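Survey of secondary and tertiary structure
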Amino acid sequence: MMAAVRNLLIVLALLLVPGAAHAKSGDAERAEPIYQKRCIGCHGEEGDADTEAAERFNPPPRDFTLGLYKVKTSAFSEDYPNDEDIFRMIRDGMPGTVMPGWGDMLSEQDMWDLVAYLKAFAEIEEAPEAQLDYGTQVKSSPESIAVGRKLFLDGDRCSECHGVAGKGDGIKKLKDDNGFRTWPRNLTKPWFYRATNDPKDIFQRISVGIPGTQMPSFADPKSKKKLGIEERWHIANFVASLAKTREVVDAAKTVIKAARTEGGAPEDPVDPRWDAVEPATFVLVPQLIGDTRFFTPSNDTITVRAAYDDKTLALLLEWDDRTKSIPGDAKAMAIADAEMGEDAVAVQLPLTLAASSEKPYFLYGDAAKPVTLWKWSSGTTEEAETVRQVDAKGLADLSEREATDLTARSIYKDGTWRVLLRRPLGDAAEPKIEEGRFVPISFMAWDGSNSEVDSKHTLTTWYWLLLEPADSAKPYFVAGLVALLLLLAEIWWARSANRRRAEETV
């Protein structure tokens, strides 16, 4: 009787999993032409991902012959996922990877047929028997989140890889079972989770682990770090609470609004006045055009704030980077790739601002429309951080100029770089940046521990920088003057009308 009740609860729990689909039978033969058209380019004819894409994508495509899937709701002791898990990955895709969701292009039956086809690669014939036990979900609350944080940090249980602030800045160099480099998940960016950041999905990952990677199961009774069901729910609630809510990408936000600040433009990257400045966050993409092309980035977004006064423009650049890349530092080099460089960031601007809204070529400009870069580098054990100005007429035509008027200050903490660039305003500065004028601006970033040097880096497209004019009493004065003139006109009109009526009466 108790076993029947338990099985019923497990079934109900599966039905409550976000996006769950009821398993249907699939036909592998019907799926073959679909696989040949949609999947073979990445996963290969034999399903072993032995394709050129394996070297170009991060993470590489799934090897279906192993039967290992990152998202599964079967118990940690089971080798294979439920059919519903495979269906969900086909339908929804894998955020943060090149695996798209096919739910808008394939019918439901097509996707169930693909499930059967993929299972055949690993000769999966029987459904897993043991299922993940969700127990009773603990509702998120400040108390639950506090307990979860303590468990997260206790004995470096989770922070060893994910870092104290959950940004993936752990101290280990991780590889998956196939030898590919893997990075711990940045838990503050749930839009890159392979599943969702619903506490049920997070609970599943904590309980089952991620097969094929070094993410363990915390439901494993043999583990020294084993957690009970309630404890796993507390950690799931804590992890869900880490999601950024302000520094997120908004496709509609294309303008960086520089605020005029009291007491001068900030001189410190942690000046509390920055909290009041509106941020703009942009996606970083790998440089795939000029030699040498770059396919496997680790940094994915950059957040920019801008402030100014009569004499100075200040730009605060902030991005999550799992490693502080300082060549020569033993700890940094231990977790870095072989070709280690410095962490770096650059601001790109047109060298001369055009009268029109036309922008230079977004990758280092060209001879007709050159650009200038303000580039900061993190330094090495032998040299301090540097900031320099580089003019460019294309990727192969770079020339450094003396940057005596460009300064930088930086701080790295809990997996995040904050770099403050300051430059004078005025007629002598190039390019000339003025209040009320939209200035094209873009950004580049280098993760030295990920072998990002020279043209191997991430970048954004062009956006706009706007120095918002300070509040002034002039608009109110003009409005008041107009109102006064209208009032005087009405009085004059009324008196004129009364005078005409009086004359007509006489």
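Here the structure is a predicted model, which means the values were calculated and not measured.

Let us now look at the packing of helix α5 (residues 83-92) against helix α6 (residues 108-121). Helices that pack against each other are described as a pair by the angle of their axes relative to one another and the distance between those axes. The N-to-C vectors of α5 and α6 enclose an angle of 120°; their axes lie 9 Å apart at closest approach. Considering the angle they form, α5 stands oblique to α6. Once α5 is placed against α6, the crossing between them reads as right-handed. Facing D83, E84, I86, F87, I90 and R91 of α5, the residues of α6 in contact are E108, M111, W112, L114, V115, L118 and K119. A breakdown of the residues in the contact of α5 with α6 according to their chemical character gives eight nonpolar, no polar and five charged.

Attention shifts here to a nonpolar patch on the surface. A surface patch of nonpolar side chains, amounting to about 210 Å² of accessible area, comprises V249, V283 and V285. Looking at where V283 falls in the secondary structure, it is placed in strand β4 (residues 280-283). For V283, a relative accessible area of 40% corresponds to the partly exposed category.

Time to look at the packing of aromatic side chains. Following the criterion strictly, the structure yields 18 aromatic pairs and no others. With centroids separated by 4.2 Å and ring planes inclined at 20°, the aromatic side chains of F203 and W233 adopt a geometry described as stacked. Of this pair, F203 sits in helix α9 (residues 199-208) while W233 is found in helix α10 (residues 229-241), placing the two residues 30 residues apart along the sequence. For W233, a relative accessible area of 1% gives the class buried. Three or more aromatic residues link up through ring pairs in this structure, and these residues are Y35, F64, Y69, Y117 and F121. When the ring centre of F295 is taken as reference, the NZ or CZ atom of R56 above it lies at 4.7 Å. Note that R181 overlies the ring of W183, its terminal NZ or CZ placed 3.9 Å from the centroid.

Inspection of the secondary structure assignment puts Q204 in helix α9. Residue classification places Q204 among the buried positions, given a relative accessible area of 1%. Contacts of Q204, omitting those with residues within four sequence positions, involve K70, V71, K72, T73, L132, Y134 and G209.

The subject of this paragraph is empty space enclosed by the protein. In this structure the tally under the stated criterion is four cavities of 30 Å³ or more. What the largest cavity holds in volume is close to 60 Å³. If you trace the largest cavity, you find it lined by K167, N186, K189, S298, N299, D300, D320 and R322. A per-class count over the lining of the largest cavity returns no nonpolar, three polar and five charged. In this structure, the second largest cavity occupies an estimated 50 Å³ of space. As for the second largest cavity, its lining consists of K189, K244, E247, T301, I302, T303, E318, W319, D320 and T416. Taken together, the elements giving at least two residues each to the lining of the second largest cavity come down to β6 (301-308) and β7 (312-320). Its residues placed into classes, the lining of the second largest cavity shows two nonpolar, three polar and five charged.

Calculation criteria
- Residues numbered from 1 in each chain as written.
- Predicted model: local features only at pLDDT ≥ 70, side-chain atom pairs only at ≥ 80, totals over all residues.
- Heavy atoms only, no water.
- Axes fitted to C-alpha atoms, helices over the stretch in contact; angles between N-to-C directions.
- Helix = DSSP H or I, 4+ residues; strand = E, 2+ residues; numbered from the N terminus.
- Parallel < 35°, antiparallel > 145°, perpendicular 65-115°, else oblique.
- Left-handed = near helix turned anticlockwise from the far one by under 90°.
- Contact = heavy atoms within 4.5 Å.
- Nonpolar A, V, L, I, M, F, W, Y, C, P; charged D, E, K, R; others polar.
- Patch = residues over 30% accessible without salt bridge, like charges linked within 9 Å, V, L, I, M, F, W, Y side chains within 5 Å.
- Areas by Shrake-Rupley, 256 points an atom, 1.4 Å probe, with all protein chains shown as cover.
- Salt bridge = Lys/Arg side-chain N within 4 Å of Asp/Glu carboxyl O.
- Buried < 20%, exposed > 50% of the residue type's maximum accessible area, 1.4 Å probe, protein only.
- Phe/Tyr/Trp six-rings, centres within 6.5 Å; stacked < 30°, edge-to-face > 60°.
- Lys NZ or Arg CZ within 6 Å of the ring centre and 35° of its normal.
- 1 Å grid on protein atoms, 1.4 Å probe; cavity = no way out; pocket = protein on both sides within 12 Å on 5 of 7 lines; lining within 4 Å.
- Points joined across faces, edges and corners; volume = space filled by probe spheres on them.

Nothing here speaks to function; it is all geometry.
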